[in-house]
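# Summary of the model geometry
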Amino acid sequence: MKKSGAGKNQGLSENINTNEVKTVKKSKNWNPFQKLDGEKEALDAAKSGVVVGIYITLSYVIQVAFIYGTGKDTFGNPGPTTLLIAAVITIMFAAFLTWRIWVRQPLWASIIVAIWFSLELAIKVGAIVSGVQNTNVGWILMFLALLSASVLSVRGCWKLRTLRRSNI
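Figured I'd write up the structure that's included with this text. (Residues numbered from 1 in each chain as written. Predicted model: local features only at pLDDT ≥ 70, side-chain atom pairs only at ≥ 80, totals over all residues. Heavy atoms only, no water.)

## Considering the packing of helix H3 (residues 49–70) against helix H6 (residues 137–166)
Running from amino to carboxyl end, H3 crosses H6 at an angle of 130 degrees, the nearest separation of the two axes being 7 Å. When the axes of H3 and H6 are compared, the pair comes out oblique. In terms of crossing hand, the pair formed by H3 and H6 is left-handed. For the pair H3 and H6, contact is made by Gly49, Val51, Val52 and Tyr55 and by Met142, Phe143, Leu146, Ala149, Ser150 and Ser153, respectively. Its residues assigned to classes, the contact of H3 with H6 shows seven nonpolar, three polar and no charged. (Axes fitted to C-alpha atoms, helices over the stretch in contact; angles between N-to-C directions. Helix = DSSP H or I, 4+ residues; strand = E, 2+ residues; numbered from the N terminus. Parallel < 35°, antiparallel > 145°, perpendicular 65-115°, else oblique. Left-handed = near helix turned anticlockwise from the far one by under 90°. Contact = heavy atoms within 4.5 Å. Nonpolar A, V, L, I, M, F, W, Y, C, P; charged D, E, K, R; others polar.)

This is the structure we're talking about:
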């Protein structure tokens, strides 16, 4: 004789508390024009610049890997010694800016990262328009997300600066 499965979950409904309030975690929104109401929203917005800083750092780490592997940079320019030194200094500076945004969210670091990314984006767009480089939809979406994050980071750092100065 088979037992029915009706009794398996029988005590479960008794353990559910109907008075509990369920909280839904809000996902990160990378809309650069979102409203930044309080310190938590401003802090989350400011830290979005870390993603941009990591992208910049990793792009130069790839440059160093190309220099070591081929003796030329990603554009095919010879002279690995000076390029290597410049790339390592650039990696250290980008990593420093990323760390500063992560730890303290200073406005100056966020602005430097945003300008740096915008300049690199302009160079990439120029290379695409001139036919030197190709792209696809994935790259375009990634660059738009990073541009959005850089703008949001500057806005978040500005809001944090305003909030911190008003508390003094």
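## Thoughts on H6
For an α-helix, 3.6 residues make a turn, and residues three or four places apart therefore share a direction. The terminal C-alpha atoms of H6, which comprises 30 residues, lie 43 Å apart, in line with the 44 Å expected from a rise of 1.5 Å per residue. Here H6 has its buried residues at Phe143, Leu146, Ser148, Ala149, Ser150, Leu152, Ser153, Gly156, Cys157 and Leu160. Sitting at the amino-terminal end of H6 is Asn136, which places a side-chain oxygen 3.1 Å from the backbone nitrogen of Gly138. (Expected span 1.5 Å × (residues − 1). Buried < 20%, exposed > 50% of the residue type's maximum accessible area, 1.4 Å probe, protein only. Polar contact = N/O pair within 3.5 Å; in protein donor to acceptor, adjacent residues only side chain to side chain.)

## Here's the deal with the pattern of salt bridges
A pair can form between side chains of opposite charge whenever their charged atoms are brought close. One pass over the full model with this rule turns up two salt bridges. Residue Asp37 pairs with Lys35 through a salt bridge whose shortest N-O separation is 3.8 Å. The exposure class of Lys35 is exposed, given its relative accessible area of 68%. Across the salt bridge formed by Lys40 and Asp44, the nearest N and O atoms sit 3.1 Å from each other. Of this pair, Lys40 and Asp44 are both found in helix H2 (residues 39–47), four residues apart, which corresponds to roughly one turn of the helix. Residue Lys40 is classed as exposed on the basis of its relative accessible area of 58%. Residue Asp44 is classed as partly exposed on the basis of its relative accessible area of 31%. (Salt bridge = Lys/Arg side-chain N within 4 Å of Asp/Glu carboxyl O.)

## Considerations on the nonpolar core
Ranked by internal contacts, the top residues of the largest apolar core, which has 15 residues, are Val52, Tyr55, Ile56, Val113, Phe117, Phe143 and Leu146. If you list the elements that add at least two residues to this core, you get H3, helix H4 (80–103), helix H5 (107–129) and H6. Sort the elements by how many residues they give to this core and H5 lands first, with five residues. When neighbours within four sequence positions are excluded, Phe143 is seen to be in contact with Tyr55, Phe117, Leu121 and Lys124. With five residues, the next largest nonpolar core counts Ala42, Ala46, Leu107 and Leu160 among its residues. (Core = buried A, V, L, I, M, F, W, Y, C linked by side-chain atoms within 4.5 Å.)

## Let's talk about the side chain of Thr57
Note on placement: Thr57 falls in helix H3. For Thr57, a relative accessible area of 14% puts it in the buried group. A polar contact is formed between the side chain of Thr57 and the backbone oxygen of Gly53, at a distance of 2.8 Å. Dropping the residues within four chain positions of it, Thr57 is found in contact with Ile91, Ala94, Ala95 and Thr98.

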